[in-house]
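One letter stands for each residue in the lines below.
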Amino acid sequence: MINNSFRLRQVWMIARLQLRRVFFARRSLWVYLLAFFPAIIFIGHGIEVKIKRERWGGHAVTTPAKLDSVREGDTEEEVIAKAGTPITDQRFRRRDEEEPERRYMRYYDGTRQVNLWFRSGLLVQKSTSNLIDFEEDRQVYAGVFQYFYLRLAIFFGCLGIFMNLFRGEMMDKTLHFWMLTPVRREVLLAGKYLAGLIAAVVIFTGGALFCFAAMLWPQETAEVQAFWRDGGASHAFWYAAAAALASLGYGSVFLAAGLLVRNPIIPAAVLLLWEGINGFLPAVLQKLSVLYYVQSLCPVPAPMDSDTPALARMLLAPAEPAPAATAVLGLLAVTALVLWFASRAVTRLEINYSTD
Amino acid sequence: MITPEIRLDEVSKFYGEVLGVNRVTLRIPPGITSLVGPNGSGKTTLMNLITGLVHPDRGTIEVRGISPRNPEQLMRFTGYATQYDAAPRGATGYEFVSAGLLLYGYSSEEARRMAWKALERVSLTDAANRKVAAYSKGMRQRVRLAQAIAHDPEVLVLDEPLNGLDPLVRAETIALFREFANRGRHVVLSSHVLQEVDVISDQVILIANGMIIAEGQIRGVRDEMHEHPSQFLIRCRDASRIASILFEMDHVTEIKLHEDRLGMLVWTRSRQEFSRALTRIAGNGSPIDSVMAADENVDALYEYLIGGGR
Amino acid sequence: MAVYKRGYRRYQGHLTGYWSRLLALPRFAWSRLMAQRLVVIVMMVSLFWPLACGVFIYVSNHTELWQGLDRGFTRFLEINPRFFVIFMNFQAVFAVLLAAFAGPSLIAPDLANNALPLYFSRPMSRADYVLARMLVLLGLLSPVTWVPGVLLFGMQTGMAGWDWFQLNWKIGLGILGGFLLWITFVSMVAMASSAYVKWRIVAGGLVLAFFFVLAGAGAMIDNILRVEWGSLLNPTLAVNKIWRWLLGAEALPGPEAYEHAIALAVMAAGLLWVLNRKLRPVEVVS
């Protein structure tokens with residue numbers, strides 16, 4: 001008996017059959033790499049911090065008050081008298097200079113590292129930085145999420161996953177197997193889209209959350225606890241939601257592109273350009289992009305790259321972020337519209353392997 | 001009431017500027033129907049049109065009353081073994097056959113049973129758990145056939161199904177087609193091995209340059225070509241004398257005596273007159289051992305029709 | 001009939017010259033590429049910027065047009081290494097786009113259709129094949145990179161005079177050398193992507209991803225680890241620094257040009273390794 005519930009079962013069946021190929025195909029490996037690369041870097045950062053903390057913590061930790069009392073102009077002996085033995089003490093001399101040797105000392109007060117540079121026995125420069133700065137790391141994560149995940153990883157990942165669903169099978173000359181089953185083309189589209197969506201959401205939401213956890217891992221326990229108390233879970237949720245919705249939106253666009261045009265790289269390049277110049281466009285046009293809605297959901301605004309030229313900074317005029325509900329509904333509406341176009345295209349789809 | 005036939009009305013299909021098929025009108029009744037034509041003549045396009053893999057630019061198609069644009073209905077009773085020699089990456093023969101069955105709504109258990117049955121019918125159970133990619137050409141041909149018959153379809157469309165099969169499996173496969181046809185089902189197949197089509201077909205459709213040249217039973221098609229001389233092989237004891245009598249007749253165009261002088265090959269423009277003449281000769285006391293149509297096969301038809309009626 | 005006794009004997013006659021054989025591939029490939037509307041459109045669009053730069057040079061060399069304007073603006077109109085670096089940056093993007101659209105169709109179809117044995121059953125080695133395919137891309141990318149660059153340099157020299165040329169001849173060489181370095185690298189990326197995935201469309205995406213994702217990954221490493229070496233992964237930044245060094249423009253912060261050059265060389269070696277690994281059909285042994 002063919003009815004809508006049977007068709008829904010078919011959608012799920014297609015998705016199940018397709019999922020194994022999406023998740024475990026050798027050609028999907030690079031998608032995992034894209035999704036988990038930032039987490040690997042954050043883990044590297046965490047390991048570095050943990051090692052330093054352990055190594056420096058083993059030495060006599062100088063109190064913050066003692067370190068604050070050190071002033072530029074102090075002699076080496078005065079500094080040692082005030083702050084004690086440094087955890088790092090290096091002397092060096094430039095070969096091409098006749099200047100007296102320089103000296104570098106590092107102190108650690110349990111959270112901050114203080115770097116001191118001496119020349120001719122006098123302290124000429126003092127810089128203080130936290131061994132790890134939670135606020136800064138959260139900003140970095142926001143940048144990684146918005147610039148790397150949203151603009152690159154999810155974009156190219158979805159390009160690979162969703163284009164593969166139809167164009168890839170056309171290339172492998174296996175698409176006709178699906179078209180010779182008693183399934184409406186729209187049902188086939190929905191099943192394949194669902195498979196791609198599940199894969200993209202699991203991989204990229206998983207990657208983003210894993211990266212978030214990797215960012216939190218080396219932070220001070222007290223700070224992390226305070227963060228969770230002050231709505232940290234909602235941050236994690238919105239990052240996950242943004243990754244999922246980006247997969248939803250980009251996925252539908254690339255699925256449709258794979259059906260409508262023979263070379264989906266052209267719309268992909270156009271979309272990449274469009275999303276890339278998004279910040280420079282008038283507010284109305286900014287709203288015609290997946291990125292605008294997804295970025296509106298991000299709990300921390302992305303920091304601007306310090307390398308951004310002054311002229312570009314001047315031209316950048318980010319539109320007011322959309323309210324969360326509008327962003328979610330807007331993305332769902334855009335996705336539905338694109339999928340409707342895709343469903344029209346799939347009913348006209350023909351098997352013509354020779355032209356690909 | 002659903003008509004149990006495949007109907008194509010004025011169907012045309014173009015691939016850009018390249019002609020696929022042109023204004024094809026056909027009625028294909030149940031039984032084994034063979035599409036015969038040279039490479040690029042439009043056989044595969046016709047099969048793809050019937051199964052909905054491509055859509056006609058003009059004209060309408062119905063398969064037992066269902067449009068190929070409705071795969072949900074059509075593929076319930078249709079199976080198509082294409083000539084595309086590819087299988088989903090990493091799929092075993094069993095997975096290849098059973099996966100599709102789940103989409104028909106069969107339970108896993110039913111799908112498993114039906115898949116094994118289909119694999120058994122094409123003698124592929126031993127290799128069922130091996131990856132299709134590792135199959136030989138003949139095995140891949142068989143696994144595609146298994147997939148096409150797994151849901152026991154009413155309409156079976158097969159593109160070059162006997163290609164690459166060894167003689168034993170070929171005989172089994174032909175028997176399978178015959179069994180399907182005997183149950184009132186459609187078996188539409190294409191082949192360029194003309195002898196095998198000749199033997200197994202209930203009707204043939206000759207196609208060239210995207211157009212249907214002839215259709216019907218082989219004998220019927222042959223009868224319609226009056227202007228083409230028919231060939232008969234006669235075995236008799238007094239071949240020289242009978243040849244001289246026959247040669248006096250207008251409808252006989254050529255005679256070749258056999259080296260043993262006990263037979264001859266006769267070309268005639270009129271099968272009826274030739275038949276009457278033989279009856280007269282036999283009645284006059286010249287013994288004739290046997291008369292056999294020498295060109296009543298697809299090869300001859302094919303060469304005559306596709307080759308331009310030489 | 002004992003056919004085997006006939007035995008195969010290779011062609012013993014006269015062969016056409018090496019370059020004429022090698023150029024047979026680009027000749028047909030160029031005509032095929034030029035028949036693609038998209039390639040022609042991208043090429044045309046990529047020439048707008050050189051045209052605008054030409055107008056800029058014209059205006060810059062006609063002081064009467066901007067007399068009385070403030071010093072800041074006159075400094076902005078100065079033709080210097082920075083101007084050419086900006087010009088080159090824009091054209092570099094078009095080179096990547098063109099390579100992404102046109103490059104993958106050069107090798108991927110040969111691999112997908114097992115056509116390589118056909119090439120190598122002729123007097124053509126793997127290196128020749130790669131060189132011939134690279135010539136296709138170099139020929140395609142030249143009209144949008146060093147050719148307009150050198151023309152603009154020539155235009156500036158013509159308008160500014162011999163003295164300007166004597167002071168700035170390095171810029172001309174820098175444009176030529178810098179662009180040749182870039183288009184060679186971009187061509188290698190396009191060919192390696194094409195050979196790696198064998199699928200024309202995905203290879204195009206991979207070319208774009210190579211440049212964009214590596215740039216993103218480099219920036220990410222710099223930011224997370226608070227280091228500067230992450231930018232060594234960014235080929236676009238690498239070539240920008242090399243150009244600045246070649247043209248004598250102000251250097252950017254971070255790793256030095258030579259460090260980026262080493263990073264680019266490592267990437268190029270990786271790309272060659274991919275090509276060497278993937279292009280392995282039957283080869284004619286000379």
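Residues numbered from 1 in each chain as written. Chains lettered and ligands numbered in written order. Predicted model: local features only at pLDDT ≥ 70, side-chain atom pairs only at ≥ 80, totals over all residues.

Visitor: Looking at this structure, how should I read the overall build of chain B?
Guide: Within chain B one finds eleven helices and 13 strands. Burial statistics for chain B: of 310 residues in total, 40% are counted as buried. The contacts of chain B with a sequence gap of at least 6 include a subset with a gap of at least 24, amounting to 66%. (Helix = DSSP H or I, 4+ residues; strand = E, 2+ residues; numbered from the N terminus. Buried ≥ 20, exposed ≤ 12 C-beta atoms within 10 Å, placed from the backbone. Contact = placed C-beta atoms within 7 Å.)

Visitor: Help me understand helix H10 (residues 271–283) of chain B, please; the structure alone is not making it clear to me.
Guide: Each α-helix turn comprises 3.6 residues. Residues three or four places apart therefore point the same way. Residues and elements named next belong to chain B. A rise of 1.5 Å per residue sets the reference length of H10, with its 13 residues, at 18 Å; its end C-alpha atoms lie 18 Å apart and thus fit the reference within 8%. Structurally, H10 contributes buried residues whose contacts are with strand E10 (230–236), helix H9 (239–247), strand E12 (263–268) and strand E13 (288–293). Two residues or fewer after H10 comes Gly285, characterised by a positive phi angle close to 95°. (Expected span 1.5 Å × (residues − 1).)

Visitor: Would you mind going over helix H6 (residues 81–102) of chain C with me for this structure?
Guide: Taking 1.5 Å per residue, 22 residues should reach 32 Å; H6 of chain C reaches 31 Å between its end C-alpha atoms and fits that length. Burial analysis of H6 of chain C places 16 of its 22 residues in the buried class, the great majority of the element.

Visitor: I tried to follow the interface of chain B and chain A on my own but got confused; where do I start?
Guide: It is common to give the size of an interface as the accessible area lost on bringing the parts into contact. At the interface, 23 residues of chain B touch 23 residues of chain A. Of all elements in the fold, only helix H1 (43–51), helix H2 (71–74) and helix H3 (93–102) of chain B reach the threshold of two or more residues within the side of chain B that touches chain A. Ranked by residue count, the leading element in the side of chain B that touches chain A is H3 of chain B, at three residues. Each residue belonging to the side of chain B that touches chain A can be placed in one class, and the counts come to 14 nonpolar, six polar and three charged. (Nonpolar A, V, L, I, M, F, W, Y, C, P; charged D, E, K, R; others polar.)

Visitor: Can you help me understand the environment of Tyr196 of chain C in this one?
Guide: Residue and element names in this part refer to chain C. Topologically, Tyr196 is positioned in helix H11 (residues 162–197). Accessibility expressed as a C-beta count within 10 Å gives 19 for Tyr196, which makes it partly exposed. As a C-alpha pair, Tyr196 and Phe153 span 43 residues in sequence and 38 Å in three-dimensional space.

Visitor: Even after reading the chapter, I still don't get the domain arrangement of chain B, so can you show me in this structure?
Guide: Taken domain by domain, chain B holds domain 1 (6–220) and domain 2 (224–306). If you average the C-alpha positions of domain 1 of chain B and of domain 2 of chain B, the two centres end up 39 Å apart. (Domains from an automatic or database assignment.)

Visitor: In this structure, what is going on with the sheet that holds strand E4 (residues 122–130) of chain A? I would like to understand it.
Guide: Two strands in a sheet stick together by hydrogen bonds in their backbones, pointing the same way (parallel) or opposite ways (antiparallel). Residues and elements named next belong to chain A. The four strands lie next to each other as E1-E2-E3-E4, forming an open sheet whose pairing is antiparallel. Each of the sheet's edge strands pairs with one partner strand only, and the pair in question is strand E1 (88–92) and E4. In this sheet, neighbouring strand axes are inclined to one another by 15° on average, regardless of whether the strands run parallel or antiparallel. Of the strand pairs in this sheet, E1 and strand E2 (residues 102–108) are connected by five bridges, and their pairing is antiparallel. Its bridge partner being in E2, Asp89 is matched across the sheet by Met105. This element, helix H4 (residues 76–83), spans E2, strand E3 (112–119) and E4 of the sheet and lies at about 10° to E2. (Pairing = 2+ DSSP bridges. Axes fitted to C-alpha atoms, helices over the stretch in contact; angles between N-to-C directions.)

Visitor: Any chance you could explain the interface of chain A and chain C here in plain terms?
Guide: Taken residue by residue, the interface counts 24 residues in chain A and 18 residues in chain C. Contributing elements (two or more residues each) for the side of chain A that touches chain C: helix H2 (29–58), helix H5 (134–172) and helix H9 (265–276) of chain A. Counting residues per element, the side of chain A that touches chain C draws most heavily on H5 of chain A, at ten residues. For the side of chain A that touches chain C, a count of residues per class yields 19 nonpolar, four polar and one charged.

Visitor: What should I look at first to understand the arrangement of the chains in this one?
Guide: The interface with the highest contact count, out of two pairs of chains in contact, is the one between chains A and B. The two partners chain B and chain C share no contact, and the minimum distance between any of their C-alpha atoms is 14 Å.

Visitor: So what exactly am I meant to see when it comes to the confidence of the model for chain B here?
Guide: The predicted coordinates of low-pLDDT regions are not to be read in fine detail. Residue and element names in this part refer to chain B. Predicted confidence across chain B gives a mean pLDDT of 86, with 89% of residues reaching 70 or more. When pLDDT is averaged over each helix and strand of chain B, the minimum, 62, is found for helix H11 (residues 298–306) and the maximum, 96, for strand E5 (residues 78–81). As a predicted assembly, this complex carries a pTM of 0.80 together with an ipTM value of 0.78. (pLDDT = per-residue confidence, 0-100.)

Visitor: Sorry if this is basic, but what is going on with the nonpolar core here?
Guide: Among soluble globular proteins, nonpolar side chains are generally buried collectively. Counting 237 residues, the largest nonpolar core has Ala95, Leu98 and Ala99 of chain C as its most contacted members. The element contributing the most residues to this core is H5 of chain A, with 21 residues. When near neighbours in sequence (up to four residues on either side) are disregarded, Ala99 of chain C contacts Leu137, Leu141, Val186, Ser187, Val189, Ala190 and Val207 of chain C. (Core = buried A, V, L, I, M, F, W, Y, C linked by C-beta atoms within 7 Å.)

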